[in-house]
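Residue-level listing of the chains:
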Amino acid sequence: METNNQLSLKHRLHKIIFEADTPSGKAFDVILILSIVISVLVVMLDSVSSYHAAYGHWFYSIEWFFTILFTFEYVLRIITVERAKGYIISFYGIVDLLSFLPTYFILLIPGSQFFLVIRILRILRIFRVLKFTKYIIQADQLREALASSRQKIIIFMYTVVTITVIVGSLMYVIEGAENGFTSIPKGIYWAIVTLTTVGYGDISPQTNLGQMVSAMIMIMGYGIIAVPTGIFTAELSRVKQGKQTTEVCPYCSKEGHDADAEYCKYCGGKLNPE
């Protein structure tokens, strides 16, 4: 059973570690982001053979320092939340875990330390540090719009795949191996490149019929590009915008709550438990 002093300390630590609305919370996040930037630079420099040969032992020591630091921070985050599972399975929770885990894998899998560049994702926290809450709100709106348009985009992608398979097979029959279309997969590759208006030019139709089909696919490509954009824009216009803060729920570790909210809109937990 936790005492009142323990609960008060836990609540203060949660404010410092998870939020940037207080001076101590902002200072914590600034130090954390600087540590992330330095550690990522160390990993990048260590991948350069000349630097590795000259300073490899220093890079190794610095990397282990940051790994222990991030491990301690991760443990503190788990301790200070009311429901550890909510934080562990959240986006930031997974990124925080991956920020130090590869270093321990070095002991079993040499070379795995270069996966530590995943740490750069943690710099997303800078939006909270600089109080760019409007960017967090807009990021939530984009995520919601993408989720709402998911089924329509899947149907659209299925249609595009069907078109490329049909056209690729057709071009294999029309052009043949003598014009570079040596197989149906090769024809599908050409159809994808042409439909997306990339046009590498490594394969091109030589017959009149093939060039006619190619022209139709290119024109169709311009129309197809606009379809997912229209779907996403329509869904985005439906998303409501409201004033929100960077306050993080101590139970589910989600943020983006209304400024006057007392309870989490995702799990119902009290935002400021005493």
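Now for a look at the structure at hand.

Criteria and thresholds
Residues numbered from 1 in each chain as written. Predicted model: local features only at pLDDT ≥ 70, side-chain atom pairs only at ≥ 80, totals over all residues. Heavy atoms only, no water. Helix = DSSP H or I, 4+ residues; strand = E, 2+ residues; numbered from the N terminus. Buried < 20%, exposed > 50% of the residue type's maximum accessible area, 1.4 Å probe, protein only. Contact = heavy atoms within 4.5 Å. Areas by Shrake-Rupley, 256 points an atom, 1.4 Å probe, with all protein chains shown as cover. Axes fitted to C-alpha atoms, helices over the stretch in contact; angles between N-to-C directions. Left-handed = near helix turned anticlockwise from the far one by under 90°. Nonpolar A, V, L, I, M, F, W, Y, C, P; charged D, E, K, R; others polar. Phe/Tyr/Trp six-rings, centres within 6.5 Å; stacked < 30°, edge-to-face > 60°. Salt bridge = Lys/Arg side-chain N within 4 Å of Asp/Glu carboxyl O. Patch = residues over 30% accessible without salt bridge, like charges linked within 9 Å, V, L, I, M, F, W, Y side chains within 5 Å.

### Some points on the overall build of the chain
Phase 1: Looking only at helices and strands, the chain features 11 helices and 0 strands.
Phase 2: A buried classification covers 36% of the 274 residues belonging to the chain.
Phase 3: In the chain, 57% of the contacts between residues at least 6 apart in sequence involve partners at least 24 apart.
Phase 4: Carbon together with sulfur atoms contributes 69% to the accessible area of the chain, which is approximately 16200 Å² in total.

### A look at the packing of helix H2 (residues 23–46) against helix H3 (residues 49–80)
Phase 1: Viewed as axis vectors pointing N to C, H2 and H3 meet at an angle of 145°, and their least axial separation amounts to 9 Å. For the crossing formed where H2 meets H3, the hand is left-handed. Of the residues in H3, those in contact with Phe28, Leu32, Ser35, Ile36, Ile38, Ser39, Val42, Val43, Leu45 and Asp46 of H2 are Tyr51, His52, Gly56, Phe59, Ile62, Glu63, Phe66, Leu69, Phe70, Glu73 and Arg77.
Phase 2: For the contact of H2 with H3, the class distribution of residues is 13 nonpolar, 4 polar and 4 charged.

### A few points about the packing of aromatic side chains
Two aromatic rings, taken as a pair, are described by how far apart their centres are and by the angle between their planes.
Phase 1: A complete count under the given rule lists 7 aromatic pairs for this structure.
Phase 2: Plain terms: the ring middles of Tyr60 and Trp64 are 6.4 Å apart, the flat faces sit at 65° to each other, and that makes the pair edge-to-face. In this pair, Tyr60 and Trp64 are both assigned in helix H3, 4 residues apart and thus about one turn of the helix distant.
Phase 3: A residue is classified by how much of its surface remains accessible, and Tyr60, at 47% relative accessible area, is partly exposed.
Phase 4: With a relative accessible area of 19%, Trp64 lands in the buried category.
Phase 5: Within the aromatic cluster, the residues linked to one another by ring pairs are Phe65, Phe66 and Phe70.

### Examining the pattern of salt bridges
Phase 1: A full pass over the atoms with the stated rule returns 2 salt bridges.
Phase 2: Of the charged contacts in the structure, one is a salt bridge between Glu73 and Arg77, with a shortest N-O distance of 2.5 Å. With a gap of 4 residues between them, Glu73 and Arg77 both fall in helix H3, about one helical turn apart. With respect to burial, Glu73 and Arg77 carry one shared label: buried.
Phase 3: The partner of Arg77 in a salt bridge is Asp96, and the shortest N-O contact between them spans 3.7 Å. On the criterion of sequence distance, the pair formed by Arg77 in helix H3 and Asp96 in helix H5 (residues 91–98) is long-range, its members being 19 residues apart. Here Arg77 and Asp96 have matching classes, each one buried.

### So, the environment of Ile219
Phase 1: With respect to the secondary-structure elements, Ile219 resides in helix H11 (residues 208–236).
Phase 2: The exposure class of Ile219 is exposed, given its relative accessible area of 64%.
Phase 3: It is 8.9 Å that separates the C-alpha atoms of Ile219 and Thr197, two residues lying 22 residues apart in sequence.

### Quick word on the environment of Ser237
Phase 1: Of note, Ser237 is situated in the segment after H11.
Phase 2: Overall, the relative accessible area of 60% leaves Ser237 in the exposed class.

### Quick word on a nonpolar patch on the surface
Phase 1: Taken together, the side chains of Leu45, Val48, Tyr51, Tyr55, Trp58 and Ile62 present a nonpolar region at the surface, about 570 Å² in accessible area.
Phase 2: Examined against the element boundaries, Trp58 turns out to sit in helix H3.

### Some details on the side chain of Thr71
Phase 1: Tracing the backbone shows Thr71 in helix H3.
Phase 2: The class for Thr71 is buried, based on a relative accessible area of 18%.
Phase 3: In contact with Thr71, other than residues within four places in its own chain, are Phe100 and Tyr104.

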